[in-house]
Every structure is written in structure tokens, then in C-alpha cells.
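Residue-level structure breakdown
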Protein chains: 2
Amino acid sequence: MRLSTKGRYGVMAMYQLALNYENGTISIKDIAQKMDYSDAYLEQMFATLKKERLVTSHRGPKGGYRLSKDPDKITVGDVIRALEGPIEFSSCVGGSENYNCDKSGFCVTKDIWEQVNDSINQVIDNITLGDLLNKNKNSKIGQRS
Amino acid sequence: MRLSTKGRYGVMAMYQLALNYENGTISIKDIAQKMDYSDAYLEQMFATLKKERLVTSHRGPKGGYRLSKDPDKITVGDVIRALEGPIEFSSCVGGSENYNCDKSGFCVTKDIWEQVNDSINQVIDNITLGDLLNKNKNSKIGQRS
DNA sequence: GATATTCCGAGTGGAATAGTAGGGTATAGA
DNA sequence: TCTATACCCTACTATTCCACTCGGAATATC
């Protein structure tokens, strides 16, 4: 019961884009370098992020990616769900395919999974990339380098 | 990012034990029958549940399992963590092994994962097996069969 | 001592994860 | 127009994890 690397690195990568939001595009190679991570794999993730319209791209030299909208308008939840699909703590509740258990009508546990889903979504939908930027700014006060 | 079958079926199985709490032990075969599930696999789970002292066992004919304490004293969180390990939405935060990312000191996302962990735990730690019993009782009012 | 049950460890097929690899396409700048 | 730089796309692969299954030993009841 865990986020895969996609969600984890996806949020980090989107944060890099947020840092660069005012400056225009940034290339995958640069992001990969900053994150110290495989650019080929990041590339795949960005294909998805683009499909979900969270980023825009520009080809050729000086090309790269950019957030499609203001960092304050993109939540961590948007990023995670784009890369990992809808949150479903238990496979029987919450998702897209939502396989239908024949006992769901009177299942005593169904409610629990729904509550967990809601609580996860509530957390990740209330943190924007802009929030992360602010946090970073604040935490730098009184810090070296 | 999902509970495995262990957590899902574990809670259901423990609920069966809760239903039977006043009557003494119940065998894995019976539980498997009621849940319409593989008894060999349930067996494995019960080994873990016993190791974590959530159930007690008795061998031989008329043997079986029983909750180690009152249904009100066992939370869904106890069961899930026993079977799946500690809740860690992201692998870098919250767990036992807790692999140490070299950037964790100033990682902007670490906080998010901690918040998610907390919110999940809060939900599952506030629902006891006793609660599930009560819910079932109430939902039976006005219901056929 | 026959039978029902828990206990224990090993094995296995399939799916998902976490990538690699390699070629194609657009475009900025010389 | 050429070339280097970037995105774009599809396929492949090694490893790990999941969801079991199986066989047999230990133990308790009648």
C-alpha cells in the first residue's frame, strides 16, 4: 500500500517546474540532473502529465516543459492521480474500474475504505505546488547556502 | 497504492471472529466458508495475526481461533498494520526500515507523505471491530433476511 | 488411535514496477 | 539548409511483489 516511484518523483519533478515557472521551459535533462534521476523514465512520466494537461511542451533546442497553469492552481493530488490513477485504498472502492463485489450492498468494511480514500484525497488536494514553493522559501530563512 | 488482499480479507476475517467472540473459537475452515475464500491463504494470515497477539489459537478438533481481547479493544488499524506493516504512503517516510534519502533534510515533499500517513492512521485507528458489529446490527433493522 | 485442527516452510505462476533502448519528429540557431 | 537539441513513441526486460498452493508435522479431542 504505497505510492510508486511515479507519484513520488512526479511531484518532485513538478516542483522543479514550479521553481522555473517564471523563466519559461526547462528540459527533462535539466530536471533529471537536478533530481539525480533517469531522464528516460522521467520522459515517460511527462508524456502522461502532458496528456493530463498539467504541463505544456516545446520541442527543439531551448525547448522543454512548463506548467500549464499557475503553481497555485495545481495540487499534489492532481499530479498523483494523473500518474497513478485514482486513489483507491482498497481495490473494491473508489476507482475507475471499480470492480463490483457481490456483497458490496452489505459489506461492513466498504465504508472504511471510502473514509480512507476521502482522507487521503483531502490531504493531497489541499496542497498546491505554490504551497511547496512558499514552504521552501520560508525554510531557507536562517539556513546556510 | 493499494491495500493488498491481506489487509482487506484480514479485516473481514477478524470481523467474523468478532461475531463469534462470545461463542469461543471458530476454525479457519468455517471462516473461509463464510467468506467464500481460500482457507490455505487465510491460514497464513492468521499465523501473522497470532504473532501480533491479536488472536489466540487452540489446536485439535473443536479448536480454532478467537480474538485475544474484546472487539472494542481491537482497531482496524491494528489488523491492517499487523498484516501489511506500518502505513507508509511513500516509501521514504513513516515505516520501519525507513530508507534514508540523502535529501530528506530539506525535501519539500516529505511533509506531504507524513500528513497522508497520519490521516490514514487516524481513520483506521478510530474504527474498532466492535464498531463494525454495531453497524451491522443497526443496518439489519428494516432489512429482510 | 482416528480425526480435526493448527502450525510451518517451501515453491510457483502471473502481474506490476522500474526502468532501458532505440528510433522518429520538430525547431532554433548558425 | 544543416545540425544539434530537444520532445515523442513504442517495445523490451529484469526484478520484485502478490496471491496463492502444497505437503507434512504437531497437537488436541473423542
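Residues numbered from 1 in each chain as written. Chains lettered and ligands numbered in written order. Predicted model: local features only at pLDDT ≥ 70, side-chain atom pairs only at ≥ 80, totals over all residues. Heavy atoms only, no water.

Side note on the packing of helix H2 (residues 28-35) of chain B against helix H3 (residues 39-51) of chain B
All names here are of chain B. Filter applied, for reference: A fitted line through C-alpha atoms serves as each axis, taken over the contacting stretch for helices, and the angle formed by two N-to-C directions is quoted from 0 to 180°. Strands here are runs of E lasting at least two residues and helices are runs of H or I lasting at least four, both read from the DSSP assignment and numbered beginning at the N terminus. Note on terminology: angles under 35 degrees are roughly parallel, angles over 145 are roughly antiparallel, angles of 65 to 115 are roughly perpendicular, and the others are oblique. We call a crossing left-handed when the near helix sits turned anticlockwise from the far one by less than a right angle, and right-handed when that turn is clockwise. Note on contacts: a residue pair qualifies if any of its non-hydrogen atoms lie within 4.5 Å across the two residues. Any residue that is not Ala, Val, Leu, Ile, Met, Phe, Trp, Tyr, Cys, Pro, Asp, Glu, Lys or Arg is counted as polar, Gly included; the first ten are nonpolar and the last four charged.
Remark: H2 packs on H3, axes separated minimally by 9 Å, with the N-to-C direction vectors making an angle of 120°. One way to sum up the angle between H2 and H3 is to call them oblique. Seen along the crossing, H2 lies across H3 with a hand that is right-handed. Where H2 approaches H3, its residues Ile 28, Lys 29, Ile 31 and Ala 32 are matched on the opposing element by Asp 39, Leu 42, Glu 43 and Phe 46. A class-by-class count of the residues in the contact of H2 with H3 yields five nonpolar, no polar and three charged.

Re the protein's contact with DNA strand D
Stated precisely, the cut-off is as follows: By convention in these notes, a residue is near a molecule or strand provided one of its non-hydrogen atoms lies within 4 Å of it. Here a polar contact is recorded for every N or O atom pair within 3.5 Å, except that within protein the pair must consist of a potential hydrogen donor and a potential acceptor, and residues adjacent in sequence are included only if both atoms are side-chain atoms.
Residues in close proximity to DNA strand D total 23 residues, the closest being A:Lys50, A:Ser57, A:Tyr65, B:Ser38 and B:Arg59. Sugar and phosphate atoms represent 69% of those atoms of DNA strand D found within 4 Å of the protein. A:Ile28 places a polar main-chain atom, nitrogen or oxygen, 2.8 Å from a phosphate oxygen of DNA strand D. Here A:Lys50 contributes a side-chain N or O atom positioned 2.8 Å from a phosphate oxygen of DNA strand D. Elements that contribute at least two residues to the surface near DNA strand D include exactly helix H3 (39-51), strand E1 (55-58) and strand E2 (64-67) of chain A together with H3 of chain B. Of the residues that constitute the surface near DNA strand D, the class distribution is seven nonpolar, 12 polar and four charged.

Quick word on the pairing of strand E1 (residues 55-58) of chain B
Condition: In short, DSSP must find at least two bridges between two strands for them to pair.
Inspection of the sheet shows E1(B) paired to strand E2 (residues 64-67) of chain B by four bridges, in the antiparallel sense. When the sheet's bridge partners are listed, B:His58 is paired in E2(B) with B:Gly64.

Remarks on unusual backbone geometry
To keep things clear, this is the line we draw: Each residue gets one of three labels from its accessible area relative to the maximum for its type: buried under 20%, exposed over 50%, partly exposed in between, using a 1.4 Å probe on protein chains only.
The phi dihedral of A:Asp36 falls on the positive side, at around 55°, and the residue is not glycine. Along the chain, the position of A:Asp36 falls in the loop between helix H2 (28-35) and H3. In this model, B:Arg53 sits at a positive phi of 60°, which is unusual for a non-glycine residue. Locating B:Arg53 in the fold gives a position in the loop between H3 and E1. Exposure remark for B:Arg53: the relative accessible area of 66% places this residue in the exposed category.

Describing the packing of helix H1 (residues 5-19) of chain B against H3(B)
Residue and element names in this part refer to chain B. Where H1 meets H3, the axes come as close as 10 Å, and the angle between the chain directions of the two elements is 80°. With respect to H3, the axis of H1 lies roughly perpendicular. Of the residues in H3, those in contact with Thr 5, Lys 6, Tyr 9, Gly 10, Ala 13, Met 14 and Leu 17 of H1 are Tyr 41, Leu 42, Met 45, Phe 46 and Leu 49. For the contact of H1 with H3, the residue count by class is nine nonpolar, two polar and one charged.

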